[in-house]
Amino acid sequence: MNNLLETPIEYLKGVGPQRGELLRKELQIFKYSDLLNLYPNRYIDRTRYYKINQLVDSASEVQIIGKIIHIKTVEFGKGKKRLSATFVDETGQMELVWFQGIKWIRENVKINVPYVLFGKINSFNGTFSMAHPEMELLEEHKASLRSAMQPIYPSTEKLNSKGISNKVVIKMMQQLFVETHVLFAETLPTYLVEELQLLPKHLAMFNIHFPKSQELLSKAQFRLKFEELFFIQLQLISKNLIRKHKIKGHPFDKVGDYFSTMYTHYLPFELTNAQKKVIKEIRNDLGSNAQMNRLLQGDVGSGKTIVALMSMLIALDNGFQACLMAPTEILAAQHFNGILELAKPLNINIKLLTGSTKSSERKIIHQELEEGRLHIIIGTHALLEDKVKFHNLGLAIIDEQHRFGVEQRSKLWHKNTIPPHILVMTATPIPRTLAMSLYGDLDISVIDELPPGRKPILTVHRYDSNRLKVWKFIRDEIEKGRQIYIVYPLIQESEKMDYKDLMDGYESISRDFPLPKYAVSIVHGQMKPSDKDEEMRRFSEGKTNIMVATTVIEVGVNVPNASVMIIESAERFGLSQLHQLRGRVGRGAEQSYCILMTGNKLSNESKTRLETMCKTNDGFEIAEVDLKLRGPGDIMGTQQSGVLNLQIADLIKDKDILQLARYHAIQLLKKDPGMEKPEHQKLREVFIALGKKKNIWNYIS
Ligand code: ADP
Ligand code: MG
C-alpha cells in the first residue's frame, strides 16, 4: 500500500487528538488504512421515498419529502421543553420533535420549503412522528452526490455518547476518500480480475462504503471477500509448498515384509474402500521425498486404528521406529491392546508408556527405544518427555488431535534430527470449509465410510418426566444381554455440582437396578487411574450391566456389547461432544440406541442441537450445524480463532467464494510458486505485507 495510508488517524481532517483516541480505543483504528477497512455492517436503502400515508406502525427508518408548515415550543413538566413541528406532504401530515438543540433549529429551519427527512418512525395515538430527524433541503439533496445506500458502520455506545455518530463516521470516510482515493492500486493480477469479472480494487473500496446501487454493492462485497480469502489461501498453500520443498523427509520407498504380510495374511476384516484409499494416500506421502504432515479425519468407529497400524508398518519396513500418542491413559491403553492384538503374528516389539508406567518398566523402555530394539511405542504425553529418546523415529501418529496443541506437535517433530512424518488423526469431523482455512497447510485424508454391517444408531430425545419408561427400556435391553452407558456432564467451572449430580444419579440408579440382579460400574475423573481402569475392565468384560460415567469415556472406549447410550442433561453438551459420546455405542452387530435426557426448559439452540442429533448420524453434517451454531472460533478453541478474524468474508456463508479463492490460489502457485512473475509483482508486495501483519497459522518451524 501507500505511505499516506499509514498516516495516524488523528491527522485526518475532522478527527483530531480526542476523536483519534476514541477511535483507537473503541474500534482499534490507528491509521488511515484501518478506517478504510472499517466496513459497514449494513446499508439503508435511500433510493426510496415514502409518502406520509404509506407509513406503517413500525420502528423502521424512512425517507420522506415534504414541508414544515408550523413550528412551536411546547413546555412539559418542570421547565422541560420540546420543539414540535408539523410536517406535511400531499398525502397527509405528521409531527417532528426535538428535545435538544431547540434554539438552533428554531432559528435555522425554513418554513414552507421542501426538505428531505430521514429517521425512525414512531406512532402515538394514531399520529406518526419522528424525533431528531436528519434533514436536508430538497435542493441540496438533489445536488449532492450521495450514494443510494447509506452505510451503517460498526460502533460502540461510548462512540455514540461522545458524539461520533454514524453520520460523523460517514463524514470521516468521505474525507478519507477525498484525500486518498487515487491510491487504491489493484492488488490482484489483471488476468484474474478479468477472468472472474471482479470489480477493480478502487471501485470495490468506493462501493463498499458508498454503494451506487445494490448491484455494485454486491460486486464490491464479492470482490473484497474473494481478495481476503485468496490471500489467506495463498499463505496457507505456499507454506505447504515451502515445507514440501525445503523439509526433506525420510523417503520410505520400500514396501516391505511387515506391511505385505499383514496386508495379505492377517487383516481381521476386509478394509473398506475408504480405508484403502487413505492408506494409499499415506503411502504416497511417505514414499516421496517430502516430510508428511497429514490430517486423517474419520468419524468415530470408521476404523482409524488399522490405518495407523499399517502406516507404522511402513516405517518399520524402512528401518524406522514409530509412535502413537493418545490424549488419555485409557485411550492409550486401548490402542496398545488393540494394536498388540492386530500385530501379534508379526512378532514386533510394541510397548506402552504412560504416566503410570512403573519406573523399572520405564527404564527398559527408554533403553530399548534408544537402541532401536523397540519398534512401536504407544502412550500419552509421557512420550514427549525429554528422557524419551528414539534411535530413529520415522513416523509419529497423534490421535484425537484437538486435545493436543501445536506445541506438542512441535515437540514430537524435534524428536529426530530429520523430522518424522506426522499423521494427525481426529474423530471430530471438521467441516471442509473450516479445514481448508485452518489446515490449509496440512494435507487431508478422510475416511468417509463406516465398516459394513453397522446399523445406524437410533437417537431419541426424552424429558426427565419420562424416566420410568426409559428405565423400563433399559431393563428390557439388559434382559437381552446388552450393556448400558449413562453419562453425566462434567464442566470445569461447576465440577463440584456436577460431581454431586453424578453421585446422586449413581445412587438412585443403584437403587433402581439393585444387586444381585444388576451390577453398576462408575467411572469419573476424581478416581485413581488404577480404580478407573479396573471399573472399565469389569464393564468391558461384561461383569457389570451399566456404566455410570462422566465424559471421561468420551473418546475411544470400545465395548461392542454396549448398545444403549443415555446422556443426562443432554442440553448441556455441545454437538460434537454429543456425537462423540453416541459413538461409544453402535459398535457391535446389535441395534443401538442413544437417549438424550433433558429437563423441560430448553433454549432454541439446545433444541436445534437435540433435533440435529435425532435426525442424523453423519458427523460431517453435525459438524456443519455446530459451526453454524457456535461460529468457527469456538469450534477450534480460542487460541486458533485469530485465524478466523476475517474482515468481511464469512466462512459459513461464503463457502463458495472460499472454494473459488482456494482453487485460484492453487493454480497461481502451481504456475509461479515464488510469485515472481511480473504480473504477480503487486500481489507479492501485498502478500509480504500481510504476512508481516499477521501470521495466519503459527505453523511449526
Ligand atoms: P475409530 O478409531 O476410527 O473410531 P476403530 O479403529 O476403533 O475406529 O474401529 C472401530 C471398530 O471397527 C473396531 O472394532 C474395528 O475392529 C472395526 N473395524 C475397523 N475397520 C473395519 C472394517 N474394514 N471392517 C470391519 N470392521 C472394522
Ligand atoms: Mg480411535
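Conventions we followed
- Residues numbered from 1 in each chain as written.
- Chains lettered and ligands numbered in written order.
- Predicted model: local features only at pLDDT ≥ 70, side-chain atom pairs only at ≥ 80, totals over all residues.
- Heavy atoms only, no water.
- Helix = DSSP H or I, 4+ residues; strand = E, 2+ residues; numbered from the N terminus.
- Buried < 20%, exposed > 50% of the residue type's maximum accessible area, 1.4 Å probe, protein only.
- Contact = heavy atoms within 4.5 Å.
- Lys, Arg positive; Asp, Glu negative; His and termini not counted.
- Charge placed at Lys NZ, Arg CZ, Asp CG, Glu CD.
- pLDDT = per-residue confidence, 0-100.
- Core = buried A, V, L, I, M, F, W, Y, C linked by side-chain atoms within 4.5 Å.
- Expected span 1.5 Å × (residues − 1).
- Polar contact = N/O pair within 3.5 Å; in protein donor to acceptor, adjacent residues only side chain to side chain.
- Phe/Tyr/Trp six-rings, centres within 6.5 Å; stacked < 30°, edge-to-face > 60°.
- Lys NZ or Arg CZ within 6 Å of the ring centre and 35° of its normal.
- Salt bridge = Lys/Arg side-chain N within 4 Å of Asp/Glu carboxyl O.
- Pairing = 2+ DSSP bridges.
- Right-handed = clockwise from strand over helix to strand, strands pointing away.
- Axes fitted to C-alpha atoms, helices over the stretch in contact; angles between N-to-C directions.
- Domains from an automatic or database assignment.
- Parallel < 35°, antiparallel > 145°, perpendicular 65-115°, else oblique.
- Nonpolar A, V, L, I, M, F, W, Y, C, P; charged D, E, K, R; others polar.
- Near = heavy atom within 4 Å.
- Areas by Shrake-Rupley, 256 points an atom, 1.4 Å probe, with all protein chains shown as cover.

K.L.:
Give a description of the overall build of the protein that names residues and reports values.
P.N.:
Per the secondary structure count, the protein includes 26 helices and 21 strands. Each principal axis of the C-alpha distribution contributes one length, and for the protein these read about 100 × 70 × 40 Å. Among the 701 residues that make up the protein, the fraction classed as buried is 51%. Long-range pairs, those at least 24 residues apart, make up 73% of the contacts in the protein between residues at least 6 apart in sequence. For the protein, the distance from the average position of its 94 positive side-chain charges to the average position of its 81 negative side-chain charges is 3 Å.

K.L.:
Got a sec to walk through the environment of Gln297? Specific residues and values, please.
P.N.:
Tracing the backbone shows Gln297 in strand β9 (residues 293-298). Gln297 sits in the buried class, given a relative accessible area of 2%. Gln297 sits 380 residues away from Lys677 along the chain, and the two C-alpha atoms are 37 Å apart.

K.L.:
A description of the confidence of the model for the protein should follow, citing residues and the corresponding values.
P.N.:
Per-residue confidence for the protein gives a mean pLDDT of 86, with 91% of residues at or over 70. Here residues 635-643 is modelled with pLDDT under 50, and outside its nearest four sequence neighbours on either side it reaches 17 contacts, counting other chains as well. Below a pLDDT of 50 lies the segment residues 694-701, which in the model reaches 27 contacts outside its immediate sequence neighbourhood of four places, other chains included.

K.L.:
So what about the nonpolar core? Which residues, and what values?
P.N.:
Grouped together as the largest cluster of nonpolar side chains are 39 residues, with contacts concentrated most on Met262 and Ile306. At the level of elements, α10 (257-266), α11 (273-287), α12 (304-317), β10 (321-325), α13 (329-343), β12 (376-379), β13 (393-399) and β14 (421-426) are the ones that each hand at least two residues to this core. Here this core gets 10 residues from one element, more than from any other, and that element is α12. Ignoring any residue separated from it by four or fewer positions in sequence, one finds Met262 in contact with Asp257, Leu267, Ile306, Leu309, Met310, Leu313, Leu342 and Leu346. Core analysis: the second largest hydrophobic core is formed by 35 residues, Leu22, Leu27, Val169 and Met172 among them.

K.L.:
Outline α13, listing residues and values.
P.N.:
An ideal rise of 1.5 Å per residue puts 21 Å on 15 residues; α13 measures up with 21 Å between its terminal C-alpha atoms. Every buried residue of α13 is accounted for by Ile330, Leu331, Ala332, His335, Phe336, Ile339, Leu342 and Ala343. Regarding α13, its N-cap is Thr328, as a side-chain oxygen of that residue lies 3.1 Å from the backbone nitrogen of Leu331 further along.

K.L.:
Describe in detail the packing of aromatic side chains, supporting the description with residues and values.
P.N.:
Applying the stated criterion to the full structure yields 13 aromatic pairs. Measuring from ring centre to ring centre gives 6.1 Å for Phe230 and Phe231, while their planes differ by 75°; the resulting arrangement is edge-to-face. A relative accessible area of 3% places Phe231 in the buried class. Measuring from centroid to centroid gives 5.7 Å for Trp471 and Phe513, while their planes differ by 70°, and the two rings are edge-to-face. Residue Trp471 is located in helix α17 (residues 467-479), and its partner Phe513 is located in the loop between α18 (495-512) and β18 (520-523); the two are separated by 42 residues in the primary sequence. With relative accessibility at 4%, the residue Trp471 sits in the buried group. Residue Phe513 is classed as buried on the basis of its relative accessible area of 1%. Arg48 extends its terminal NZ or CZ atom over the ring of Tyr50, reaching a point 4.1 Å from the ring centre. Its end group placed over the ring of Phe76, Arg82 keeps NZ or CZ at 5.6 Å from the ring centre.

K.L.:
For the pattern of salt bridges, give the residues involved together with the corresponding values.
P.N.:
In total, this model carries 32 salt bridges according to the counting rule given. With a shortest N-O distance of 3.6 Å, Glu624 and Lys655 are connected by a salt bridge. Of the two residues, Glu624 is situated in helix α22 (residues 619-630) and Lys655 in helix α25 (residues 655-671); the sequence distance between them amounts to 31 residues.

K.L.:
Any details on the pairing of β18? Residues and values, ideally.
P.N.:
Neither face of β18 is open: one carries Val520 and Ile522, the other Ser521 and Val523, and all of them are buried. With four bridges connecting them, β18 and strand β19 (residues 546-549) associate as parallel partners. By the bridge assignment, Ser521 is partnered in β19 with Met547. Read from β18 through helix α19 (residues 529-540) to β19, the crossover connection turns out right-handed.

K.L.:
Summarise unusual backbone geometry; cite the residues concerned and give the values.
P.N.:
Here Leu515 and Pro516 are connected by a cis peptide whose omega angle stands at -5°. Looking at the element boundaries, Pro516 is found in the loop between α18 and β18. One non-glycine residue, Asn112, adopts positive backbone phi at about 60°.

K.L.:
Outline the sheet that holds strand β21 (residues 593-598), supporting the account with residue identities and numerical values.
P.N.:
A sheet is described by the order of its strands in space; here six strands give the open sequence β16-β21-β20-β17-β19-β18, paired in parallel fashion. Each of the sheet's edge strands pairs with one partner strand only, and the pair in question is β16 (458-463) and β18. Across the sheet, the mean angle separating the axes of adjacent strands is 20° when strand polarity is ignored. Where strand β17 (residues 483-487) meets β19, four bridges bridge the pair, whose relative direction is parallel. Within the sheet, the bridge partner assigned to Ile486 lies in β19 and is Val548.

K.L.:
Account for the domain arrangement of the protein, with residues named and values stated.
P.N.:
Considered domain by domain, the protein is made up of domain 1 (1-41 + 154-181), domain 2 (47-145), domain 3 (201-246 + 654-692), domain 4 (257-447) and domain 5 (458-616). The straight-line distance from the C-alpha centre of domain 3 to that of domain 5 is 48 Å.

K.L.:
So what's going on with the packing of helix α20 (residues 575-582) against α22? Which residues, and what values?
P.N.:
Relative orientation of the contacting elements α20 and α22 amounts to 155°, with a least axis distance of 9 Å. Classified by the angle between their axes, α20 and α22 sit roughly antiparallel to one another. In contact with Leu575, Ser576, His579 and Arg582 of α20, α22 contributes Gly619, Ile622, Val625, Asp626, Leu629 and Arg630. When grouped by side-chain class, the residues that make up the contact of α20 with α22 number four nonpolar, three polar and three charged.

K.L.:
Go over the site of ligand 1 with me, naming the residues and quoting the values.
P.N.:
Taken together, 16 residues are adjacent to ligand 1, and Gln275, Gly301, Lys304, Thr305 and Arg454 come closest. Lys304 is positioned such that a nitrogen or oxygen atom in its side chain is 2.7 Å from an oxygen atom of ligand 1. Within the side chain of Thr305, an N or O atom sits 2.6 Å from an oxygen atom of ligand 1. Expressed as a share of its isolated accessible area of 560 Å², the protein-covered part of ligand 1 is 78%.

K.L.:
An account of the environment of Leu346 is requested, with residue identities and associated values reported.
P.N.:
With respect to the secondary-structure elements, Leu346 resides in the loop between α13 and β11 (350-353). For Leu346, a relative accessible area of 9% translates into the label buried. Along the chain, Leu346 and Tyr266 lie 80 residues apart, while their C-alpha atoms are 8.8 Å from each other. Here Leu346 is in contact with Tyr258, Thr261, Met262, Tyr266 and Leu313, once residues within four sequence places are set aside.

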